[in-house]
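Breakdown of the fold
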Amino acid sequence: MNLSRWLLAGMGMAVLASGCGGRRSHAKVDFAQMGPSMNAKRYANLEKLAAKDLKCAEELTPTYLGENQYQMAGCNAEGVYELRCRVGQCGWVPDVRARAEFDLGCPRSQLSATRIDDATAGVTGCGKRATYRALGRTYGVNWVLNSAVTEDSSPAADTAGAAAPL
């Protein structure tokens, strides 16, 4: 066997040994049903973000909500995430309710989020309401409180809110 064949065989074995690098299996995820922008790498990033956000080590269940929005559920919790892409660079916008949970002093399961515009969301729950603004670029987008936390006087304020797609 000459040197070039030996090197080529060694490189092939290294590629096989390296594997995919993920800690979870994506075999159950049908990417064809997950929207036009989803692929295995983006899904792995979403799964990692959602697992941390939801404090969940078990397998998460994804649902495509349309318009590059995805719901991830597991460990009796769920979150809504948006994939934003600019000039070929994509990143995940976290669930605004993760930030609002702290600001409103209200469990995420009782918070409802409504999209106001592309960078603004309103959150209500536990009789309170607040407005948030998404700041940052494609990577590193964070929600920042953009109003005072006020008492919610809307007719629906007495009922626990369900997550609304952002």
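Our subject is the structure listed above.
Residues numbered from 1 in each chain as written. Predicted model: local features only at pLDDT ≥ 70, side-chain atom pairs only at ≥ 80, totals over all residues. Heavy atoms only, no water.

So, on to the overall build of the protein chain. Across its full length, the protein chain carries three helices and nine strands. Tracing the protein chain from N to C terminus, the helices and strands come up as α-α-β-β-β-β-α-β-β-β-β-β. Within the span of the protein chain, comprising 166 residues, buried residues form 36% of the whole. In the protein chain, the share of contacts with a sequence separation of at least 24, taken over all contacts with a separation of at least 6, comes to 40%. About 10100 Å² of surface is accessible on the protein chain, with carbon and sulfur atoms providing 56% of the total. (Helix = DSSP H or I, 4+ residues; strand = E, 2+ residues; numbered from the N terminus. Buried < 20%, exposed > 50% of the residue type's maximum accessible area, 1.4 Å probe, protein only. Contact = heavy atoms within 4.5 Å. Areas by Shrake-Rupley, 256 points an atom, 1.4 Å probe, with all protein chains shown as cover.)

Let us now look at helix 3 (residues 96–104). Among all positions of helix 3, only Val-96, Arg-97, Ala-100, Asp-103 and Leu-104 are buried. Buried residues of helix 3, viewed axially, fall in a sector of 115°; they line one side. Tucked inside the fold, the buried residues of helix 3 contact strand 3 (77–86), strand 5 (112–117), strand 6 (120–125), strand 7 (128–135) and strand 8 (142–145). Positive phi appears at Gly-105, one or two residues downstream of helix 3, with a value of about 60°. (Arc of directions from axis to C-beta.)

With that settled, consider the packing of aromatic side chains. One pass over the full model with this rule turns up three aromatic pairs. Both rings, one in Tyr-64 and one in Tyr-70, keep their centres 5.0 Å apart while their planes meet at 40°; by these two values the pair is tilted. The class of Tyr-64 is partly exposed, set by a relative accessible area of 28%. Taking the relative accessible area as the measure of exposure, Tyr-70 reaches 0% and is therefore buried. (Phe/Tyr/Trp six-rings, centres within 6.5 Å; stacked < 30°, edge-to-face > 60°.)

What follows concerns the pairing of strand 4 (residues 89–93). Within a regular beta strand, the side chains point alternately toward one face of the sheet and then the other, so they alternate between its two faces. With four of its five residues buried, strand 4 lies for the most part within the structure. In the sheet, strand 3 pairs with strand 4 via five bridges, with the strands oriented antiparallel. The partner of Leu-83 across the bridge, within strand 4, is Trp-92. Between strand 3 and strand 4, which pair antiparallel and follow one another directly, the connecting turn spans two residues, one of which, Val-87, has a positive phi of 50°. (Pairing = 2+ DSSP bridges.)

All right, on to the pattern of salt bridges then. This model, assessed by the stated rule, comprises 11 salt bridges. We note a salt bridge from Glu-78 to Arg-97, for which the minimum N-O separation is 2.9 Å. Of the two residues, Glu-78 is situated in strand 3 and Arg-97 in helix 3; the sequence distance between them amounts to 19 residues. Summarising the burial analysis for this pair, Glu-78 and Arg-97 share the class buried. The partner of Arg-84 in a salt bridge is Glu-82, with the nearest N and O atoms 3.3 Å apart. The exposure classification of Arg-84 matches that of Glu-82, with both residues buried. Residues joined by salt bridges that share partners form a network here, namely Asp-53, Glu-78, Asp-95, Arg-97 and Arg-108. (Salt bridge = Lys/Arg side-chain N within 4 Å of Asp/Glu carboxyl O.)

What follows deals with the state of the cysteines. Under the criterion given, the structure shown has three disulfides. Across a sulfur-sulfur distance of 1.9 Å, Cys-85 and Cys-90 are joined as a disulfide pair. Between Cys-85 and Cys-90, the S-S torsion sits near 110°, and that sign places the bridge as right-handed. Taking the relative accessible area as the measure of exposure, Cys-85 reaches 36% and is therefore partly exposed. Each sulfur of the disulfide joining Cys-106 and Cys-126 lies 2.0 Å from the other. On the S-S bond that ties Cys-106 to Cys-126, the torsion sits near 70°, and the link is right-handed. (Disulfide = S-S within 2.5 Å.)

Right, let's talk about the sheet that holds strand 2 (residues 69–74) for a bit. Adjacent strands of a sheet pair through backbone hydrogen bonds, lying either parallel or antiparallel. One open sheet holds the four strands; their spatial order is 1-2-3-4, and the pairing between them is antiparallel. Of all the strands in the sheet, just strand 1 (61–66) and strand 4 have a single pairing partner and so form its edges. Averaged over neighbouring strand pairs, the angle between their axes works out to 25° when direction is ignored. (Axes fitted to C-alpha atoms, helices over the stretch in contact; angles between N-to-C directions.)

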